[in-house]
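As a plain string of letters, each chain reads:
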Amino acid sequence: GSMVADFKAVVSTQSTGGRRRVCIIGASVNMLAVALGVVCHKYYFMVGIRMLQGFGNFLAYSGCYIWVLEFMPEKYRNYYNAYSMMLWTAGYPLIVALGYTIKQWNYIHIGFIGFFTLCFLPFTFFPDSPRYLLSVGREDDAKVVLERYGRITNTTISLKDIKLIGSTNTKKEIETTFISKMSEYKKHPALALELAIQCYLWCSCCLLYYGVNYGWGSFGATPYVSYLLAAGSEIFAYIFLVLFIKFFGRRNTLAYSLVASSACFLLSIIPWKWSESWSLDRLLALIVIIWIALAFALLFLYLGELAPTSLRGFTLALCGLLARLSAFSGPYFANSSGSGKLICASVMAALGAGLTFFLPETRGLPIPAEAADVSDRRKSQGLRVHDERWATIYENHGVDKV
């Protein structure tokens, strides 16, 4: 279901109708699917419900993430990204609580409906993103939103005679067809290179993330213990994600986390078991999920900043589509026998770390507005540009361009 939503975003040629609309529609579809689970007693019926839930869940979460992110000042995006992932992980203890206290699995859906409604009800009162409204030419609506938030913060502001500028790009807006989007990558080889690396990072991180969660990373004797331990490890990772980014930046943090993951997978080959329940591979599974979760969370922020504004939605949707295909194979890959899977996982993580250094650092830099800006950013950091006809000194644009 989520793949269908990703595919629609990749090939879509029309406006989505706004962040707020996408979020509310996705939440409604998700709640409808969960509600149908109350009366579900057939396996194939549940498969259909899960596909419907996946479609709604993707729209609700991604729409909400982008919606709030566009309100967030640039210097706080790092904190918001880590905080949103911690809230995601907070769902693990909730699953444990509902699953442990409600014995009839059909009725578990009722508990989820109540909690999900409380979470998304406030969003029905929030206005849409001013950035999105400006991007589609709805300047008057954007002014209304900003004035409304001014009143909330006890700030009197009038934008009646003020011209709002959402982008300094004075060129004609590019077409939104799939062919026109792909032509941008043909014109700018540096952009295509970064897209290819982003796709690999999404695929490898998702395969390892879901493989660790649902495969050889079964830490406890029961699913309840496994979920609680997984939640504790991931929350630990998200807390330190902010500090790692602050000291090492986006690119280095991602590379170092993949290197640490590669080492954990490789060491797990050692057959050391000191008790009936615990062994070296189980301990390292608890450790590696910290590094994999850190890399997985960072992908949302880092790769979102790598893509230019004109192609950000397309890039994230394409990477998400390929990543879900990879995530499907994660549990099957992890449940395969032998040490070969650990060697493959180690090589996969190490290769991702190496490819990361072909990407630029985005900390403290303006987000590119169009494809040509990607080449400028690579040029300023001494990375190969490939399309020299577009390359200029990035500092000439600077903060003033933003």
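Above this text is the structure in question.
Described below are features of the structure shown in this document. (Residues numbered from 1 in each chain as written. Predicted model: local features only at pLDDT ≥ 70, side-chain atom pairs only at ≥ 80, totals over all residues. Heavy atoms only, no water.)

## Focus on the nonpolar core
Logical step 1: Counting 61 residues, the largest nonpolar core has Leu208, Leu254 and Phe265 as its most contacted members.
Logical step 2: Taken together, the elements giving at least two residues each to this core come down to helix H3 (43-69), helix H4 (77-89), helix H10 (189-214), helix H11 (223-267), helix H12 (280-306), helix H13 (312-334), helix H14 (340-356) and helix H15 (371-380).
Logical step 3: Here this core gets 17 residues from one element, more than from any other, and that element is H12.
Logical step 4: Leu254 has contacts with Leu201, Ala295, Leu298, Leu299, Tyr302 and Thr356, leaving out every residue within four places of it along the chain. (Core = buried A, V, L, I, M, F, W, Y, C linked by side-chain atoms within 4.5 Å. Buried < 20%, exposed > 50% of the residue type's maximum accessible area, 1.4 Å probe, protein only. Helix = DSSP H or I, 4+ residues; strand = E, 2+ residues; numbered from the N terminus. Contact = heavy atoms within 4.5 Å.)

## Focus on the environment of Ala349
Logical step 1: Tracing the backbone shows Ala349 in helix H14.
Logical step 2: In the structure, Ala349 is positioned 94 residues away from Ala255 in sequence and 9.0 Å away in space, judged by C-alpha atoms.

## Digging into the side chain of Asn78
Logical step 1: Following the sequence through the fold, Asn78 ends up in helix H4.
Logical step 2: Residues within four places of Asn78 in sequence aside, it is in contact with Leu241, Val242, Ile245, Lys246 and Leu301.

## A short note on a nonpolar patch on the surface
Logical step 1: Taken together, the side chains of Phe236, Ile239, Phe240, Leu243, Phe247, Phe248, Tyr256 and Phe357 make up a nonpolar region of the molecular surface, amounting to roughly 790 Å² of accessible area.
Logical step 2: Mapping Phe236 onto the fold places it in helix H11. (Patch = residues over 30% accessible without salt bridge, like charges linked within 9 Å, V, L, I, M, F, W, Y side chains within 5 Å. Areas by Shrake-Rupley, 256 points an atom, 1.4 Å probe, with all protein chains shown as cover. Salt bridge = Lys/Arg side-chain N within 4 Å of Asp/Glu carboxyl O.)

## A short note on the pattern of salt bridges
Oppositely charged side chains may form a pair once their charged atoms are brought near each other.
Logical step 1: Scanning the model with the defined rule gives 5 salt bridges in all.
Logical step 2: The closest approach of N and O atoms between Glu194 and Arg378, which form a salt bridge, is 2.9 Å. With a gap of 184 residues between them, Glu194 in helix H10 and Arg378 in helix H15 connect regions that are remote in the sequence. There is no split in this pair, since Glu194 and Arg378 are both buried.
Logical step 3: The partner of Arg250 in a salt bridge is Glu305, with the nearest N and O atoms 2.9 Å apart. Pair noted here: Arg250 is in helix H11 and Glu305 is in helix H12, with a separation of 55 residues, a long-range link.
Logical step 4: Residue classification places Glu305 among the buried positions, given a relative accessible area of 5%.
Logical step 5: The structure contains a network of salt bridges with shared partners spanning Glu139, Lys143 and Lys163.

## Some points on the environment of Gly320
Logical step 1: Turning to its location among the elements, Gly320 is positioned in helix H13.
Logical step 2: What makes Gly320 buried here is its relative accessible area of 10%.
Logical step 3: Taking C-alpha positions, Gly320 is 7.8 Å from Met3, a pair spaced 317 residues apart along the chain.

## Some details on the packing of aromatic side chains
Logical step 1: Within this structure, the stated rule accounts for 11 aromatic pairs.
Logical step 2: Pairing Tyr43 with Tyr44 gives two aromatic rings, centres 5.5 Å apart and planes at 75°, and the pair type is edge-to-face.
Logical step 3: Judged by its relative accessible area of 73%, Tyr44 is exposed.
Logical step 4: Between Phe240 and Phe244, the ring centres sit 6.1 Å apart and the planes meet at 35°, which makes this aromatic pair tilted. On the criterion of helical spacing, the pair formed by Phe240 and Phe244 is a turn pair, its members being 4 residues apart in helix H11.
Logical step 5: Its relative accessible area of 30% is what places Phe240 among the partly exposed residues. (Phe/Tyr/Trp six-rings, centres within 6.5 Å; stacked < 30°, edge-to-face > 60°.)

## Observations regarding unusual backbone geometry
Logical step 1: Residues other than glycine seldom take positive phi values, yet Asn154 does so here, at roughly 60°.
Logical step 2: Among the structural elements, Asn154 can be located in the loop between helix H8 (139-152) and helix H9 (178-187).

## Some points on the state of the cysteines
Logical step 1: By the definition in use, this model includes 0 disulfides.
Logical step 2: Free of any disulfide, Cys206 has its nearest neighbouring cysteine sulfur in Cys205, separated by 7.2 Å.
Logical step 3: Lacking any disulfide linkage, Cys319 is separated from the closest cysteine sulfur, that of Cys199, by 3.9 Å. (Disulfide = S-S within 2.5 Å.)

## A closer look at the side chain of Ser326
Logical step 1: For Ser326, the position within the fold is in helix H13.
Logical step 2: For Ser326, the residues in contact, after removing those within four places along its chain, are Cys203 and Leu207.

## Let's talk about the packing of helix H2 (residues 19-36) against H3
Logical step 1: Running from amino to carboxyl end, H2 crosses H3 at an angle of 155°, the nearest separation of the two axes being 7 Å. Between H2 and H3, the crossing angle belongs to the class labelled roughly antiparallel. Our pair here, H2 against H3, has a crossing hand that is left-handed.
Logical step 2: Within the contact of H2 with H3, the residues separate by chemical class into 16 nonpolar, 6 polar and 2 charged. (Axes fitted to C-alpha atoms, helices over the stretch in contact; angles between N-to-C directions. Parallel < 35°, antiparallel > 145°, perpendicular 65-115°, else oblique. Left-handed = near helix turned anticlockwise from the far one by under 90°. Nonpolar A, V, L, I, M, F, W, Y, C, P; charged D, E, K, R; others polar.)

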